[in-house]
Amino acid sequence: MHSTRDVLDHHLKCFGDGDLDGILSDYAPMAVLFTPEGPLKGPSAMRPLFQAMFAEFKKPGASFAMKQLSVEGDYAYIFWTAETADNVYEVGSDTFVVRDGKIVAQSLAAKLTPKR
């Protein structure tokens, strides 16, 4: 079984690589991703969010900087900043709950400013 840190490392690698199937494989079938627009339940409901994020972050000049990464048992937290051709992410924060090697819950929040 994968540790919380193993799952988080895989998740971040898949995000950096734009690996949609890989990132979705990190979630349990009944996982919930809490977003400012409301919760997404299950990997299939999360797919459009990650497709949009990957499309944005694959544009030239995109950057992502990890400011903090903490893991404590089944819980993980990341604090980050980013910039894409479309947006400046002044701050971003994700909290993860991992059980049996899969993400069962995640919250995502970011303060972003559109460039246009």
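Residues numbered from 1 in each chain as written. Predicted model: local features only at pLDDT ≥ 70, side-chain atom pairs only at ≥ 80, totals over all residues. Heavy atoms only, no water.

Asker: How should the overall build of the protein chain be read in this particular structure?
Answerer: Across its full length, the protein chain carries 3 helices and 6 strands. Secondary structure elements of the protein chain, listed N to C terminal, follow the sequence α-α-β-β-α-β-β-β-β. Whereas a compact globule of 116 residues would reach a radius of gyration of roughly 13 Å, the protein chain reaches 14 Å, a difference of no more than 12%. With respect to the principal axes defined by its C-alpha atoms, the protein chain has extents near 45 × 30 × 25 Å. Contacts in the protein chain between residues far apart in sequence, at least 24 positions, make up 45% of those at least 6 positions apart. Considering the protein chain, the positive charge centre built from 12 side chains and the negative charge centre built from 15 side chains are found 5 Å apart. (Helix = DSSP H or I, 4+ residues; strand = E, 2+ residues; numbered from the N terminus. Rg over C-alpha atoms; globule rule 2.2 N^0.38 Å. Contact = heavy atoms within 4.5 Å. Lys, Arg positive; Asp, Glu negative; His and termini not counted. Charge placed at Lys NZ, Arg CZ, Asp CG, Glu CD.)

Asker: What should I look at first to understand the sheet that holds strand E2 (residues 38–41) in this one?
Answerer: Where strands meet in a sheet, backbone hydrogen bonds hold them as pairs that are either parallel or antiparallel. Spatially, 6 strands are ordered E2-E1-E6-E5-E4-E3 in an open sheet, and the strand pairing comes out mixed. Of all strands in the sheet, those bounded by a partner on one side alone are E2 and strand E3 (63–72). Strand-to-strand twist in this sheet, taken as the mean axis angle between neighbours without regard to direction, amounts to 15 degrees. Pairing analysis gives 9 bridges linking E3 to strand E4 (residues 75–83), with the strands arranged antiparallel. (Pairing = 2+ DSSP bridges. Axes fitted to C-alpha atoms, helices over the stretch in contact; angles between N-to-C directions.)

Asker: Explanation requested: the pattern of salt bridges in the structure shown.
Answerer: Any two side chains of opposite charge can pair, so long as their charged atoms come close to each other. Applying the stated criterion across every chain, the model contains 7 salt bridges. Of the charged contacts in the structure, one is a salt bridge between aspartate 17 and lysine 13, with a shortest N-O distance of 2.5 Å. With aspartate 17 and lysine 13 both in helix H1 (residues 4–17), this residue pair falls 4 residues apart, about one helical turn. In terms of burial, aspartate 17 and lysine 13 fall into one category: exposed. We note a salt bridge from aspartate 74 to arginine 99, for which the minimum N-O separation is 3.2 Å. Here arginine 99 lies in strand E5 (residues 87–99) and aspartate 74 lies in the loop between E3 and E4, a separation of 25 residues in the sequence. (Salt bridge = Lys/Arg side-chain N within 4 Å of Asp/Glu carboxyl O. Buried < 20%, exposed > 50% of the residue type's maximum accessible area, 1.4 Å probe, protein only.)

Asker: Even after reading the chapter, I still don't get the nonpolar core, so can you show me in this structure?
Answerer: One finds Ile23, Met46 and Phe50 to be the most contacted residues of the largest nonpolar core, which totals 25 residues. Among the elements of the structure, H1, helix H2 (20–24), strand E1 (27–35), helix H3 (43–57), E4, E5 and strand E6 (102–114) are those that each provide at least two residues to this core. Considering every element that reaches this core, the biggest residue donor is H3, with 5 residues. Setting aside anything within four residues of it in sequence, one finds methionine 46 in contact with Leu24, Tyr27, Ala31, Val32, Leu33 and Leu40. (Core = buried A, V, L, I, M, F, W, Y, C linked by side-chain atoms within 4.5 Å.)

Asker: Explain the packing of aromatic side chains here, please?
Answerer: Geometrically, a pair of aromatic rings is defined through the distance of the ring centres and the angle of the planes. Scanning the model with the defined rule gives 8 aromatic pairs in all. Site record: aromatic cluster; members linked through ring pairs are Phe15, Tyr27, Phe50, Phe54, Phe57, Phe64, Trp80 and Tyr89. (Phe/Tyr/Trp six-rings, centres within 6.5 Å; stacked < 30°, edge-to-face > 60°.)

Asker: How should I be thinking about the side chain of glutamine 106 in this particular structure?
Answerer: Mapped onto the elements, glutamine 106 comes out in strand E6. A polar atom in the side chain of glutamine 106 sits 2.4 Å from the side chain of tyrosine 27. Those residues in contact with glutamine 106, other than ones at most four positions away along the chain, are His11, Tyr27, Val32, Leu33, Phe34, Asp94, Thr95 and Phe96. (Polar contact = N/O pair within 3.5 Å; in protein donor to acceptor, adjacent residues only side chain to side chain.)

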